[in-house]
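Notes for the structure review
Below, each chain spelled out in residue letters.
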Amino acid sequence: MLFAIRILDRPGMAEARRAVRAAHIAFLQQHAASLVLAGPVMDAEGGSIGSVRIVDVPDRAAAERMVAEDPFAKAGCFGEIWIDPYRIVFKDGKLAE
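Reference entry: report on the structure contained in this document. (Residues numbered from 1 in each chain as written. Predicted model: local features only at pLDDT ≥ 70, side-chain atom pairs only at ≥ 80, totals over all residues. Heavy atoms only, no water.)

Focus: the overall build of the protein chain
- Broken down by element type, the protein chain carries three helices and six strands.
- Compactness check: the protein chain gives a C-alpha radius of gyration of 14 Å against a globular reference of 13 Å for 97 residues, within 12% of the reference.
- Taken along its principal axes, the extent of the C-alpha atoms in the protein chain is 40 × 30 × 20 Å.
- For the protein chain, the residues scored as buried account for 30% of the 97 residues in total.
- Total accessible area computed for the protein chain in this model is approximately 6,100 Å², and 55% of it derives from carbon and sulfur atoms.
- Charge centroids of the protein chain, computed over 12 positive and 13 negative side chains, lie 3 Å from each other. (Helix = DSSP H or I, 4+ residues; strand = E, 2+ residues; numbered from the N terminus. Rg over C-alpha atoms; globule rule 2.2 N^0.38 Å. Buried < 20%, exposed > 50% of the residue type's maximum accessible area, 1.4 Å probe, protein only. Areas by Shrake-Rupley, 256 points an atom, 1.4 Å probe, with all protein chains shown as cover. Lys, Arg positive; Asp, Glu negative; His and termini not counted. Charge placed at Lys NZ, Arg CZ, Asp CG, Glu CD.)

Structure, rendered in structure tokens:
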């Protein structure tokens, strides 16, 4: 099942993000089979302030575990988190349904 995960970092987390980024990327690589799309949300100056992920996992509990186990979460970076079921309508400029 697809889920859209939107994460807004707590303010002032740029240094913490940098410190654990390699572990975060390694974590995402371990879950690559479940990632449809993942990347940071940027502020006007180009700094990361959160992330967006589309994941394909069995259920919401699996999506919640993926967020909780992320090194960024363990480092206290995450502030607000939204996890919602998701459906792809357009992909690569084409209707996908």
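Moving on from the model shown.
Thoughts on the environment of Val-52
- By the secondary structure assignment, Val-52 is in strand 3 (residues 48–56).
- Taking the C-alpha atoms as reference points, Val-52 and Pro-40, separated by 12 residues in sequence, lie 6.3 Å from one another.
- The residues contacting Val-52, other than those within four sequence positions of it, are Ile-5, Arg-6, Leu-37, Ala-38, Gly-39 and Val-41. (Contact = heavy atoms within 4.5 Å.)

Side note on helix 2 (residues 60–69)
- Looking only at helix 2, the buried set comprises Ala-62, Ala-63, Met-66 and Val-67. Considered in projection along helix 2, the buried side chains sweep an arc of 140° and stay on one side of the axis.
- Looking at the buried positions of helix 2, the neighbouring elements they touch are strand 1 (2–9), helix 1 (14–30), strand 2 (35–42), strand 3, helix 3 (71–74) and strand 4 (78–85). (Arc of directions from axis to C-beta.)

Structural notes on the side chain of Ser-34
- With respect to the element layout, Ser-34 can be found in the loop between helix 1 and strand 2.
- Excluding residues that lie within four positions of it along the chain, Ser-34 makes contacts with Ile-54, Val-55, Asp-56, Val-57 and Met-66.

Description of the nonpolar core
- By size, the foremost hydrophobic cluster in this structure holds 17 residues, and its most contacted members are Ile-5, Val-55, Val-57 and Ala-63.
- Looking at this core, the elements that each hand over two or more residues are strand 1, helix 1, helix 2 and strand 4.
- Of all the elements, helix 2 adds the most residues to this core, at four residues.
- Ignoring any residue separated from it by four or fewer positions in sequence, one finds Val-57 in contact with Met-1, Phe-3, Ser-34, Ala-62, Ala-63 and Met-66. (Core = buried A, V, L, I, M, F, W, Y, C linked by side-chain atoms within 4.5 Å.)

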